[in-house]
Amino acid sequence: MTTAHPMPPREAPSPAPDEPPAPGIRPLRALLQQARPYRLVLLGSLLLALAASGCGLVQPLVARSVLDALADDTAVTGALVLLGVLVVGGAVLTGLQSWWQQRTSEQVVRSIRRDLVFRLIRLKIPELDRRPPGDLVARVTSDSALVQNAATQGLVMITNGLLTVVGAIVLMGTVHLGLLGVTLAVLLGTGALLGLILPRIREAVARAQSSVGAIGAALDRSLGAARTVKANGAESRETARAEAAVEEAYQAGLTGAKYVALVQVLSGVAIQAAFLAVLGVGGALVASGDLDASQLIAFLLYVFYLASPIASLLGGLGMLQQGLGAIVRIEQVRHLPAEDDVDDVADVDDMADTDDVDDVDLTERVAPAPHTARSTPAPPVEFDGVHFAYPGRGPALRGISFTVPGATRTALVGLSGAGKTTMFALLQRFYEPRAGAIRIGGQDIARMSRAEVRRRIAYVEQESPVMAGTLGDNLRYAATGAGEEDIAEVLRLTRLDSLIARLPDGLDTEVGNRGVTLSGGERQRLAIARALLRRPEVLLLDEATAQLDASNEQALREAVDQAARRCTVILIAHRLSTVTDAEQIIVLEDGGIRAAGSHGDLVGADTLYRELAASQMLVPAVDDRPPGPDARLAL
Ligand SMILES: Nc1ncnc2c1ncn2[C@@H]1O[C@H](COP(=O)(O)OP(=O)(O)OP(=O)(O)O)[C@@H](O)[C@H]1O
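Each chain carries its own residue numbering, running from 1 in the direction its sequence is written. Totals for whole chains, interfaces and linings use every residue, but because this is a predicted model, local features are given only for residues with pLDDT of at least 70 and side-chain atom pairs only at 80 or more, for both listing and counting.

Draft legend 1. Molecular detail of the overall build of the protein. Broken down by element type, the protein carries 20 helices and 10 strands. Each residue is classed by its C-beta neighbour count within 10 Å, where at least 20 other C-beta atoms makes it buried, 12 or fewer makes it exposed, and intermediate counts make it partly exposed; the C-beta atoms are placed from backbone geometry. Expressed as a percentage of its 635 residues, the buried residues of the protein come to 38%. In this description, a residue-residue contact is defined by the distance between C-beta atoms placed from the backbone, which must lie within 7 Å. Within the protein, contacts between residues at least 6 apart in sequence are counted, and of these 80% link residues at least 24 apart. We count a stretch as a helix when DSSP gives it H or I for four or more residues in a row; a strand needs E for two or more, and each element gets its number in order from the N terminus.

Draft legend 2. Layout of the domain arrangement of the protein. These domain boundaries are the output of an automatic or database domain assignment. Domain parsing of the protein yields domain 1 (28–214 + 256–334) and domain 2 (381–633). Between domain 1 and domain 2, the C-alpha centre-to-centre distance is 61 Å.

Draft legend 3. Representation of the site of the ligand. Note on definitions: a residue is near a molecule or strand provided its C-beta atom, placed from the backbone, lies within 6 Å of it. Every residue close to the ligand is listed here: Asp 129, Tyr 390, Arg 393, Ala 396, Gly 414, Ser 416, Gly 417, Ala 418, Gly 419, Lys 420, Thr 421 and Thr 422. Among the elements that make up the shell around the ligand, the one with the highest residue count is helix H11 (residues 420–427) (3 residues). Polarity classes work like this: nonpolar for Ala, Val, Leu, Ile, Met, Phe, Trp, Tyr, Cys and Pro, charged for Asp, Glu, Lys and Arg, and polar for all others, with Gly in that last group. Classifying every residue of the shell around the ligand by side-chain character gives 3 nonpolar, 6 polar and 3 charged.

Draft legend 4. Highlighting the environment of Thr 421. Summarising the element assignment, Thr 421 is placed in helix H11. Leaving out residues up to four positions away in the same chain, Thr 421 has contacts with Gln 462, Asp 542 and Ile 572.

Draft legend 5. Broad picture of the UniProt feature "domain: ABC transporter" (unreviewed entry) in the protein. UniProt positions are given in the numbering used here, feature names are shortened, and annotations may be inferred rather than shown by experiment. Within this numbering scheme, the UniProt entry marks residues 381–615 as carrying the feature "domain: ABC transporter" (unreviewed entry). When the span residues 381–615 is considered, its composition is 34% helix and 25% strand, and the gap between its end C-alpha atoms is 31 Å.

Draft legend 6. Representation of the pairing of strand E6 (residues 457–460) within the structure. Neither face of E6 is exposed, since Ile 457 and Tyr 459 on one face and Ala 458 and Val 460 on the opposite face are all buried. By the convention used here, strands pair only if DSSP detects at least 2 bridges between them. Here E6 runs beside strand E7 (residues 538–542); their pairing, made up of 4 bridges, is parallel. Residue Val 460 lies in a different strand from E7, and its bridge partner there is Leu 541.

Draft legend 7. Looking closely at helix H6 (residues 177–224). Multiplying one less than the number of residues by 1.5 Å gives the expected span of a helix. An ideal rise of 1.5 Å per residue puts 70 Å on 48 residues; H6 measures up with 68 Å between its terminal C-alpha atoms. Where H6 bends most, the angle comes to about 30°, and this point is Gly 195, followed within four residues by the proline Pro 199. Note on bend: the value at a residue is the angle between axes fitted to the seven residues ending there and to the seven starting there.

Draft legend 8. Quick peek at helix H1 (residues 27–35). Every buried residue of H1 is listed here: Pro 27, Ala 30, Leu 31, Gln 34 and Ala 35. Within H1, the buried residues cover an arc of 145° as seen down the axis, which keeps them to one side. Set apart from the buried face of H1 by more than 90 degrees, the exposed residues are Leu 28 and Arg 29. Tucked into the core, H1 has its buried residues touching helix H2 (39–72), helix H3 (77–122), helix H5 (133–175) and helix H9 (293–334). Note that the arc is defined by the directions from the helix axis to the C-beta atoms.

Draft legend 9. Structural context of the packing of H1 against H9. Working convention: axes come from line fits to C-alpha atoms, limited for helices to the stretch in contact. Angles between N-to-C directions cover 0 to 180 degrees. The interhelical angle for the contact between H1 and H9, taken along N-to-C directions, is 85°, at an axis separation of 9 Å. Accordingly, the angle class assigned to the pair H1 and H9 is roughly perpendicular. On H9, the residues that touch Pro 27, Leu 28, Ala 30 and Leu 31 of H1 are Gly 323, Leu 324, Ile 327, Val 328 and Glu 331. Class assignment for the residues of the contact of H1 with H9 results in 7 nonpolar, 1 polar and 1 charged. Angular relationships are summarised with four words: roughly parallel below 35 degrees, roughly antiparallel beyond 145, roughly perpendicular across 65 to 115, and oblique for the angles in between.

Draft legend 10. Expanded view of the environment of Thr 239. Counting through the fold element by element, Thr 239 comes out in helix H8 (residues 235–287). Along the chain, Thr 239 and Thr 494 lie 255 residues apart, while their C-alpha atoms are 41 Å from each other.

Draft legend 11. Seen up close, the pairing of E7. With 5 of 5 residues buried, E7 lies mostly within the body of the structure. Pairing geometry for E7 and strand E8 (residues 568–572), over 5 bridges, is parallel. If you follow Asp 542 over to E8, its bridge partner there is Ile 572. Seen with its strands pointing away from the viewer, a crossover is right-handed if its path from the first strand over the helix to the second goes clockwise. One crossover worth recording links E7 to the parallel E8 by way of helix H17 (residues 550–564), and it is right-handed.

Draft legend 12. How the structure looks around the sheet that holds strand E10 (residues 592–597). Taking strand neighbours across the sheet as the criterion, the 6 strands line up as E6-E7-E8-E3-E9-E10 in an open arrangement whose pairing is mixed. On the outer flanks of this sheet lie E6 and E10, each paired with one strand and no other. The sheet shows a mean angle of 15° between the axes of neighbouring strands, taken without regard to direction. Contacts from H11 reach strand E3 (409–414), E6, E7, E8 and strand E9 (584–589), with the element oriented near 150° to E7. The strands that helix H19 (residues 607–615) touches are E3, E9 and E10; relative to E9, the one it contacts most, it runs at about 105°.

Draft legend 13. Spatial organisation of the packing of H2 against H5. Taken N-terminus to C-terminus, the directions of H2 and H5 make an angle of 35°; their axes are 10 Å apart at the nearest point. As for how H2 packs across H5, the hand of that crossing is right-handed. Contact residues: Leu 42, Ser 45, Leu 46, Ala 49, Leu 50, Ser 53 and Leu 57 in H2; Thr 152, Leu 155, Val 156, Thr 159, Asn 160, Leu 163, Thr 164, Gly 167, Ala 168 and Leu 171 in H5. Split into classes, the residues belonging to the contact of H2 with H5 amount to 10 nonpolar, 7 polar and no charged. Two helices cross in a left-handed way if the nearer one is turned anticlockwise from the farther one by less than a right angle. They cross in a right-handed way if the turn is clockwise.

Draft legend 14. Quick peek at the sheet that holds strand E1 (residues 381–389). Pairing within the open sheet is antiparallel, and its 4 strands lie in the order E2-E1-E4-E5. Each edge of the open sheet is held by one strand with a lone partner, namely strand E2 (395–404) and strand E5 (443–444). Both strand E4 (residues 435–440) and E5 contribute to a ladder of 2 bridges, which runs antiparallel. Paired with Arg 439 across the bridge in E5 is Asp 444.

Draft legend 15. Quick peek at the UniProt feature "domain: ABC transmembrane type-1" (unreviewed entry) in the protein. Annotation from UniProt places "domain: ABC transmembrane type-1" (unreviewed entry) at residues 43–322. When the span residues 43–322 is considered, its composition is 93% helix and 0% strand, and the gap between its end C-alpha atoms is 22 Å.

Draft legend 16. Geometry of the confidence of the model for the protein. In the predicted model, the protein carries a mean pLDDT of 83, and the fraction of residues at 70 or more is 89%. Confidence of the predictor at the level of single residues is captured by pLDDT, which takes values from 0 to 100. Ignoring residues within four places in sequence, the model shows residues 344–370, a span with pLDDT below 50, making 28 contacts including any to other chains.

Draft legend 17. Molecular detail of unusual backbone geometry. For Arg 429, which is not glycine, the phi torsion reads 60° and is therefore positive. Checked against the element boundaries, Arg 429 lands in the loop between H11 and E4. Residue classification places Arg 429 among the buried positions, given that 25 C-beta atoms sit within 10 Å. Positive phi values are uncommon outside glycine, yet Asp 590 reaches one of about 45°.

Draft legend 18. Up close: the environment of Val 569. With respect to the helices and strands, Val 569 occurs in strand E8. Counting along the chain gives 418 residues from Val 569 to Ala 151, while the straight-line C-alpha distance between them is 52 Å. Residues within four places of Val 569 in sequence aside, it is in contact with Arg 409, Leu 539, Leu 541, Val 560, Ala 563 and Ala 564.

In structure tokens form, the structure reads like this:
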């Protein structure tokens, strides 16, 4: 029975769970961290790239020796063979390096996506409450691809380009220092301009990616409520909403593309300008006899040769900027508070640091508990001075205290918005109370892992969500090891057996997206069957029979009565007829307990309860009392 013992608010045991941490994300560091597990592979890729570049780098020298040999009329065969080997060898090494690098980049994106999927599925409910799923999905699918290229190909291109440019500069210095000075002057002038352009690419990419997220969010909203959209003729409005994000992504993409093109133009111009400058100065030197023609040709070949590593360097820097724009959005998700106690395995942070990424098997982390018969008695459930407020809202629960004895039924009734569903959410640790404690079997749930709390509870939500898949998949969702007999029993109890018998594929029938091929009542019965199959210690039913016809509702009541013999049942009901025989009824109003007792007690003792009962024809209307406001009775 209820113990009306309001308690003074107690300090919450942990910091407010809804406060996002101030992450102070450092994009470059975060990006390098993604590449860290693959450093050896990337080094291999770099060495292959350098070897390929080396083959190219010495070609001008060999070409020069061929020219010198021809001029001196000495043998050229050896030099020609070497040139051939360098050309073919360089091409083979380039191919190998490309495959090696692509493979690594696929591994990087796989690792990022696995990590994000792992975290997103475990995000705390308050985080999920305020983030559109479409935007979160875009981070896994689209942002990860940008980081993939930056963390592998981009880094290799930058390092390779840089080393090759330095190597070429050293070799050019050995040919002629004066001409090297001319070349560097031209290149450094262009480099200064590039320093201004590259950060713009990053900004444009960040803007484009956040618009891609907005497209996902807009579509998620429209497709998730497709029937509402169509029924209200809101197709144009929904299209316009998504199109605005599409346009923004286009504009940002265009800006980024302009800057990338400008970088390419500048790198081309830099090489041409360096070539012309060297040709002019070098030609004058050859004319004055201060330089050999072969020296000038070798130097010019180096200048042309520089085009490739410079393009590689700039391409890599462009990719890096794109990756830096996208990694921020990925890091934002990685810094969101996740439930780290819902699996039997180590902390979620292990995931990002995994070196041997190939060996990570996520299915091991998420294996559901096996279906076993429970022998422990049904535990009592106790709310003890519980206070709670949703972020940015006023109090939703104000000092709730009551006890549900084990193996009994307690009903929560009250006007819409009184806080009934919120109590269920706290009981499953979707949110943490601001003060007070909730106990199951005398144990404070704040001191139990979430996995443990949720293992003991089965919850039938207000909307009875059914997941895409087969009827059987949905039924066994939380009780994978359930036997045929158990399944047959819950199907009979929930009267789903006749539906299954009618369907040609029986339990293998696909239910469609969110169970769209089932009726509302069938979905509700399926959700109840799923909950019963778990054999929970505590069964929470939120308006679980609201969509059932009278005959099915009666059957379900009997099923719940039967379940109550072996588990503690708390049910939320607007239709009081479904709870009149509950051992205890709690009447909630504005987040507080207004009255508690049996149906008989409350009809006599509580005016609100009596009004509710009278409005549902459970008791005669009381004429000598002014009727309550209509809105209060609109349940
Ligand atoms: N995720 C949320 N974020 C912010 N406020 C919320 C959230 N969920 C519910 N609320 C608010 O908290 C209050 C209690 O809601 P709750 O769903 O617990 O009421 P309820 O008694 O179950 O109502 P109903 O009978 O209509 O289902 C309401 O004012 C509601 O608007």
